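# Remarks on the overall topology
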Amino acid sequence: MGRNTVLVLPWILAALALTLLALWLGSRDQQRSPARATLSVASMLSDVGAADYLRAELPREFEFPRDHGPHDGFRTEWWYFTGNLQTAAGRRFGYQLTFFRSALAASPSPRESSFAAGHAWMAHLTLSDLAASRFHSFERYAREGGGIAGAGGDGGHPIEVWLRDWRCEFAASGAPITLLAREAGVAIALELRPDKAAVLNGDRGLSQKNASAGDASYYYSMTRLGTLGRIEVDGESFEVRGASWMDREWMSGALGEEQVGWDWFALQLDDGSELMWYRLRRKDGSVDPCNGGTFVAADGSARTLRAGELELGEQGRWKSPRTGAQYPNRWTLAVPELDLELEVTPALADQELDVTFRYWEGAVDVRGKHAGREVKGSGYVELVGYTEQKPGSLSRAAR
């Protein structure tokens, strides 16, 4: 989407919501939202006003590193990074850094000023300090203009995405990727290098979100990014290394009328394989048929997983003390055709983002069996729409 995000996926939290936030803010730039979880993800990700934008309707040819950069003809786009890192002494951290772009008009008028805005931007930064059992979350948003926020670069030049001093930069060749962000005593400065090539999700990179034509995204992932750098928290600085995950999506479609949210999994196993899976949920608590994922083998070969190929079960719930939302907090995942069975557990129960939209996204631990051998690993899970859905409706295993 998450990211869903779509899923990080995922589709996460952007689309019309960013446009409305930008119009509400006018020309102001905010580092944190003054509103607390007053907007519904499902209602903001409607299809209103999307007809004039480019749509993801057919598979396309992807070109790297160019596609790491912006796709301005589409209404919504995001750059989604998550990762699990640790110090040499074994102190563990999880992080998320995400940039969301939403166009203010399909065909913006010529700019009369460098401060004129064609897009709205939002960014989320989180840090899970697992040794201290503390979760930090921050949000920024701004109208594009005056160099405050934006994205650009390709054709042999570095690609940059930024919102003030929160930045993501792809080298001219596509690697390394540099992430920089600092807020209220928390900072990350990381360098990411791909251990595997980008993987196209769905139908050659076309990820359908519901039955309506054009309600889809172009979606690819970099499932294992070797990571090293520094983390600062509570006045201390730590050298860290580990593995990150990047999701990239752009789209002009939306959630369907009956879709309320999604669950997104990005898991990295110690046998060198990775699993991405997303489950879309409906308002009545049922599972939407537009679910899917990707399995990446240790050698980098990828297999698309269709709805019904993965069995997902919930094993427990955690109740947010802020919203009362009840999020799943333990899962089983099984892909019989891959002889894969996994148990997934949050590394920290409370990893709910306290931002304009409340959702849960956090570091998880993984253990299980693959092809008859024991495996373990780590990853990230994103849970969206639970503040708008009645609890208990998905307590049984669902495909």
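Numbers given for residues are sequential positions, taken from 1 along each chain in its written order. Local features in this predicted model are restricted to residues whose pLDDT is 70 or higher, and side-chain atom pairs enter the listing and the counts only when it is 80 or higher, whereas totals over whole chains, interfaces and linings include all residues. Hydrogens are left out, water is left out, and the side-chain values use all remaining heavy atoms of the structure.

Helix and strand assignments come from DSSP, with helices taken as H or I runs of at least 4 residues and strands as E runs of at least 2, each series counted from the N terminus. When helices and strands are counted, the protein chain shows two helices and 23 strands. Residues classed as buried in the protein chain amount to 57% of the 399 residues present. Accessible area is worked out with a 1.4 Å probe on protein chains only. A residue is then buried under 20% of its type maximum, exposed over 50%, and partly exposed in between.

This part covers the side chain of Thr356. Along the chain, the position of Thr356 falls in the loop between strand S21 (352-353) and strand S22 (359-370). Relative accessible area serves as the criterion here: at 0%, Thr356 is assigned to the buried category.

What follows is about the pairing of strand S18 (residues 311-319). For two strands to be treated as a pair, DSSP must find at least two bridges joining them. In this structure, S18 lies alongside strand S19 (residues 326-335), joined through eight bridges in antiparallel fashion. Directly across from Gly316, in S19, lies its bridge partner Arg330. Hairpin connection of S18 to S19: six residues between the antiparallel strands, including Gly324 at a positive phi of 80 degrees.

When you line up the elements, Gly372 lands in the loop between S22 and strand S23 (373-384). The sequence separation of Gly372 and Asp339 amounts to 33 residues, and the corresponding C-alpha distance is 7.3 Å.

This paragraph deals with the nonpolar core. Buried Ala, Val, Leu, Ile, Met, Phe, Trp, Tyr and Cys residues form a nonpolar core when they are joined through side-chain atoms within 4.5 Å. Ranked by size, the top nonpolar core spans 42 residues in total, and within it Phe81, Tyr95, Phe99, Ile177, Leu179 and Ile188 carry the most contacts. When sequence neighbours within four positions are dropped, the list of residues in contact with Phe99 reads Glu77, Trp78, Trp79, Trp121, Met122, Ala123, Val161, Trp162, Leu163, Trp166, Arg167 and Cys168. In terms of nonpolar packing, the next biggest core, distinct from the first, is built from 27 residues, Leu275, Phe295, Ala297 and Tyr386 among them. Contact between two residues is taken to exist if any of their heavy atoms lie within 4.5 Å; hydrogens are not considered.

In this section: the side chain of Glu249. With respect to the helices and strands, the residue Glu249 is situated in strand S13 (residues 236-251). Two N or O atoms form a polar contact when they lie within 3.5 Å of each other; inside protein one atom must be a possible hydrogen donor and the other a possible acceptor, and for residues adjacent in sequence the pair counts only when both atoms belong to side chains. Engagement of the side chain of Glu249 in a polar contact is seen with the side chain of Ser217, the distance being 2.5 Å.

Now for the pattern of salt bridges. A carboxyl oxygen of Asp or Glu within 4 Å of a side-chain nitrogen of Lys or Arg is what we treat as a salt bridge. Under the counting rule described, the total for this entry stands at 30 salt bridges. Where Arg204 meets Asp203, a salt bridge forms, and the shortest distance between an N and an O atom there is 2.8 Å. A relative accessible area of 30% means that Asp203 is categorised as partly exposed. Connected via shared salt-bridge partners are Asp263, Arg279, Arg281, Glu314 and Arg317.

Another aspect to go through is the environment of Ala213. Structurally, Ala213 can be placed in the loop between strand S11 (206-208) and strand S12 (216-233). For the pair Ala213 and Ala56, spaced 157 residues apart in the sequence, the C-alpha separation amounts to 8.4 Å.

Residue alternation in strand S20 (residues 340-346) divides its side chains into a buried set, Leu340, Leu342, Val344 and Pro346, and an unburied set, Glu341, Glu343 and Thr345. Note that S19 and S20 share five bridges and pair antiparallel. What sits directly across from Leu333, in S20, is Leu342. In this antiparallel pair of consecutive strands, S19 and S20, the connection spans four residues, and Asp339 shows a positive phi of 55 degrees.

This part covers the packing of aromatic side chains. Only rings of Phe, Tyr and Trp enter the pairing, Trp through its six-membered ring, and a pair is recorded when the two centres are within 6.5 Å. The plane angle decides the type: under 30 degrees is stacked, over 60 is edge-to-face, the rest tilted. Scanning the model with the defined rule gives 17 aromatic pairs in all. Summarising the aromatic geometry, the rings of Phe62 and Tyr218 are spaced 6.3 Å apart at their centres and angled 80 degrees between planes, so their arrangement reads as edge-to-face. Here the residue Phe62 occupies a position in the loop between helix H2 (41-44) and strand S1 (76-86), and Tyr218 occupies one in strand S12, the gap between them amounting to 156 residues. Exposure remark for Phe62: the relative accessible area of 15% places this residue in the buried category. Note on Tyr218: relative accessible area 6%, which makes it buried.

Our focus in this paragraph is unusual backbone geometry. A cis amide bond links Phe64 to the next residue, Pro65, at an omega of 10 degrees. Pro176 follows Ala175 through a cis peptide bond whose omega is 0 degrees. Structurally, the position occupied by Pro176 is in the loop between strand S7 (166-170) and strand S8 (177-183). A positive phi is found at Arg204, a non-glycine position, where the angle reads about 55 degrees. A positive phi angle is found at Ala371, which is not glycine, with a value near 55 degrees.

Looking at the element boundaries, Gly377 is found in strand S23. For Gly377, a relative accessible area of 23% gives the class partly exposed. Separated by 106 residues in the primary sequence, Gly377 and Asp271 place their C-alpha atoms 8.6 Å from one another. If we ignore the near neighbours within four places in the chain, the residues touching Gly377 are Gln268, Leu269, Asp270, Val364, Asp365 and Val366.

On to the confidence of the model for the protein chain, then. The pLDDT value expresses, per residue, how confident the predictor is, ranging between 0 and 100. Summary statistics for the protein chain give a mean pLDDT of 85 and a share of 81% for residues scoring 70 or more. For residues 1-38, every residue scores under 50 in pLDDT, and the model assigns this stretch 173 contacts once sequence neighbours within four places are set aside. Segment residues 391-399: pLDDT under 50, and 26 contacts once partners within four positions in sequence are set aside and those in other chains are kept.

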